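Residue-level structure breakdown
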Amino acid sequence: MDRFSPPASTSSDTTQRKVISVSELNRQAKRLLEISFPSIWIEGEISNFARPASGHWYFTLKDPSAQVRAAMFRNSNQRIRFLPKEGLQVLVRARVSLYEGRGDYQLIVDHMEEAGEGALRRAFEELKNKLAQEGLFDDSRKQPLPSMPEHVGVITSPTGAAIRDILTVMKRRFPATRVTVIPTSVQGNEAAGQIVRALQLAEKASNIDALIVGRGGGSLEDLWPFNEEVVARAIAACRLPIVSAVGHEIDFTIADFVADHRAPTPSAAAEILTQNQDDWRNTLRIYQRKLASLTNARLHLQQQTLNALRNRLRHPGQKLQEHSQRLDDLSIRLQHAMRHQLLTRHNSLISADKHLRQVSPLHLVQQLKLQNRHFDLRLNTSMQSLLSRLKQQMEHLTGQLETLSPLATLSRGYAMAQTPDGKIIRNSQAIAEGDNIKVSLAKGHLLCSVTETH
């Protein structure tokens, strides 16, 4: 059998060697590892956990047959909500690297969660991706929230802090909002089915305008009912606008993505679905001032119109006064005419008497006497005729005055209704039941109380 013999070294072989330092070797190895494994998820058990004054964490991650060193620097571990301890099973997200000072292969961890929660996280991501591909998270299928719901349904535990926070906020912001609590379990294996049944029950209540679905904070396992597929599909199928309010602001569930709107907390959900009553009061005050201003302007305009109509409308009493004045004028003119006629006749008589005295024949005197009697008779007849015509004219005018007088109307059995301040009532709508009115009759008046209007 031939034996292997190494070649003899020569000076030419020495010149072709590429010699690198240990530091360069570790540097290139580190670069190669970081490029090949930029970010991976690894599950294992923590051992040799150290937490020096720098705040960094150093530990070993192991399984039954192997182990690897790991480091989690302060800027990353500050986001972790639990403190790792020996023997704890965890799921970490890390990049593979190499510590050049010792040439140790290690993991640089940027996220850590307990292994049980890690399984839930994986299930969460898988369901999230599945529903996103189906379009259940699309904004196009989400309903707008009502601007001012009158009736809000709340699906949550009736004894939890979430319902107390919601009711407190709604009472403070807009106490007129009606709230119906649809009780359900929000934690445990039966919670998902109860939430689905509560959603179906809320849909049957046709007077509910919007829903709040949620609970207070807790661990991922506590919030898991809101990550169940049946709950997500029930929320997506519900015809009512839904606000998801699960946990705290940093908590996200599948229900948050499917719901029409996500609120960071239950209190925030109540804020979203209620108006601020102070804003409404201010708006009502503004409208009240505008209404008062418009009403005063309208009343002023109507008052001006009423004054103009009052100036144009003449009272029947004024017409009576005018006719009475005309009657007095005619009476005065009649008296003047009669005096003038008597004076004229008297003057004629005196003139005739003078002429008779001058002529003096008895026959002529007798004729003149007869003529005088005749003239006197004609004068009396003329005066009687004139007086009769004037009397008839005066009676005719008096009849017209009586026809126009309200008293004539009252004498025929009619009555005139007036308000206590003297305004004539022409329309029953101007008077309300219980008002007092004055009813004028032909003789006297009545004070009445209205019991019914038609």
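Below is a short write-up of the structure. (Residues numbered from 1 in each chain as written. Predicted model: local features only at pLDDT ≥ 70, side-chain atom pairs only at ≥ 80, totals over all residues. Heavy atoms only, no water.)

**Some details on the nonpolar core**
Operational definition: The criterion is simple. A nonpolar core is a set of buried Ala, Val, Leu, Ile, Met, Phe, Trp, Tyr and Cys residues joined through side-chain atoms within 4.5 Å. Buried residues are those whose accessible area, probed at 1.4 Å on protein chains only, stays under 20% of the maximum for their type, while exposed residues exceed 50% and partly exposed ones sit between those limits. To qualify as a helix, a DSSP run of H or I must reach at least 4 residues; to qualify as a strand, a run of E must reach at least 2; elements of each kind are numbered from the N terminus. Note on contacts: a residue pair is in contact if any heavy atoms of the two residues lie within 4.5 Å.
Residues L131, L199, L211, I235 and I242 are the most contacted members of the largest nonpolar core, which totals 33 residues. If you list the elements that add at least two residues to this core, you get α4 (115–134), α6 (191–204), β8 (210–215), α7 (229–237), β9 (242–246) and α8 (254–258). Element by element, the count of residues in this core is highest for α6, at 6 residues. Those residues within four positions of L199 in sequence are excluded, and the remaining contacts are I155, L211, V213, A234, I235 and I242. Formed by 19 residues, the second largest nonpolar core is a distinct cluster that contains M72, I80, V92 and V109.

**Concerning the sheet that holds strand β6 (residues 151–156)**
Put simply, the rule is: For two strands to pair, DSSP has to find at least two bridges joining them. Only the contacting stretch of a helix is used when fitting its axis, a line to C-alpha atoms as for every element, and angles between N-to-C directions run 0 to 180 degrees.
Taken in spatial order, the 5 strands of this open sheet run β7-β6-β8-β9-β10, and their pairing is parallel. Edge positions in the sheet fall to β7 (178–183) and β10 (261–262), since each has one partner strand and no second. Sheet analysis places β6 next to β8, joined by 4 bridges and oriented parallel. Directly across from V152, in β8, lies its bridge partner A210. Against the sheet, α6 makes contact with β6, β7, β8 and β9, and its axis sits at roughly 165 degrees relative to β8, the strand it touches most. Its contacts with the sheet place helix α9 (residues 266–273) against β6, β8, β9 and β10, and it is angled at close to 170 degrees to β8.

**Structural notes on the packing of aromatic side chains**
Given two aromatic rings, their pairing is described by the distance between the two centres and the angle made by the two planes. To keep it simple, the criterion reads: Between rings of Phe, Tyr and Trp, where Trp is taken as its six-membered ring, a pair exists when centres lie within 6.5 Å; planes separated by under 30 degrees are stacked, by over 60 edge-to-face, and by other angles tilted.
Within the structure shown, the criterion is met by 5 aromatic pairs. Between F49 and W57 the ring centres are 5.7 Å apart and the planes differ by 65 degrees, which places this aromatic pair in the edge-to-face class. The exposure class assigned to W57 is buried, which follows from its relative accessible area of 4%. With a centroid separation of 5.4 Å and an interplanar angle of 35 degrees, the aromatic rings of F137 and F257 are classed as tilted.

**Section: the packing of helix α5 (residues 161–173) against α9**
Pairs of packed helices are described in terms of their axes, by the angle between the two and the distance that separates them. Put simply, the rule reads: In this scheme, roughly parallel covers angles under 35 degrees and roughly antiparallel covers those over 145, while 65 to 115 is roughly perpendicular and the rest are oblique. Each crossing gets its handedness from the near helix: less than a right angle anticlockwise from the far helix is left-handed, clockwise is right-handed.
One way to put it is that α5 packs onto α9 with a least axis distance of 8 Å and a crossing angle of 30 degrees. In terms of their interaxial angle, α5 and α9 are classed as roughly parallel. The two elements α5 and α9 cross, and the hand of that crossing is right-handed. Contact residues: α5 offers A162, D165, I166, V169, M170, R172 and R173, while α9 offers P266, S267, A270 and E271.

**A closer look at the sheet that holds strand β5 (residues 104–114)**
Taking strand neighbours around the barrel as the criterion, the 5 strands line up as β1-β2-β3-β5-β4 in a closed arrangement whose pairing is mixed. With direction set aside, neighbouring strand axes in the sheet form an average angle of 55 degrees. As judged from the 10 bridges shared by strand β4 (residues 89–99) and β5, these two strands associate in the antiparallel manner. Within β5, the position partnered with S97 by the bridge is Q106. Along the sheet, helix α2 (residues 22–36) makes contact with β4 and β5, crossing β4 at roughly 140 degrees.

**Here we look at α9**
Because an α-helix packs 3.6 residues into every turn, residues spaced three or four apart end up facing the same way. Where α9 is concerned, the buried positions are P266, A268, A269, A270 and L273. Structurally, α9 contributes buried residues whose contacts are with β6, α5, β8 and β9.

**Describing the pairing of strand β12 (residues 436–440)**
Here strand β11 (residues 416–418) runs beside β12; their pairing, made up of 3 bridges, is antiparallel. Within β12, the position partnered with A417 by the bridge is V439. Bridge analysis of β12 against strand β13 (residues 445–449) gives 5 bridges, and the strand direction is antiparallel. Along β13, the bridge assignment pairs S440 with H445. Here β12 folds back onto β13, and the loop between the two strands holds 4 residues, one of which, G444, carries a positive phi near 85 degrees.

On their own, these measurements won't tell you what the molecule is for.
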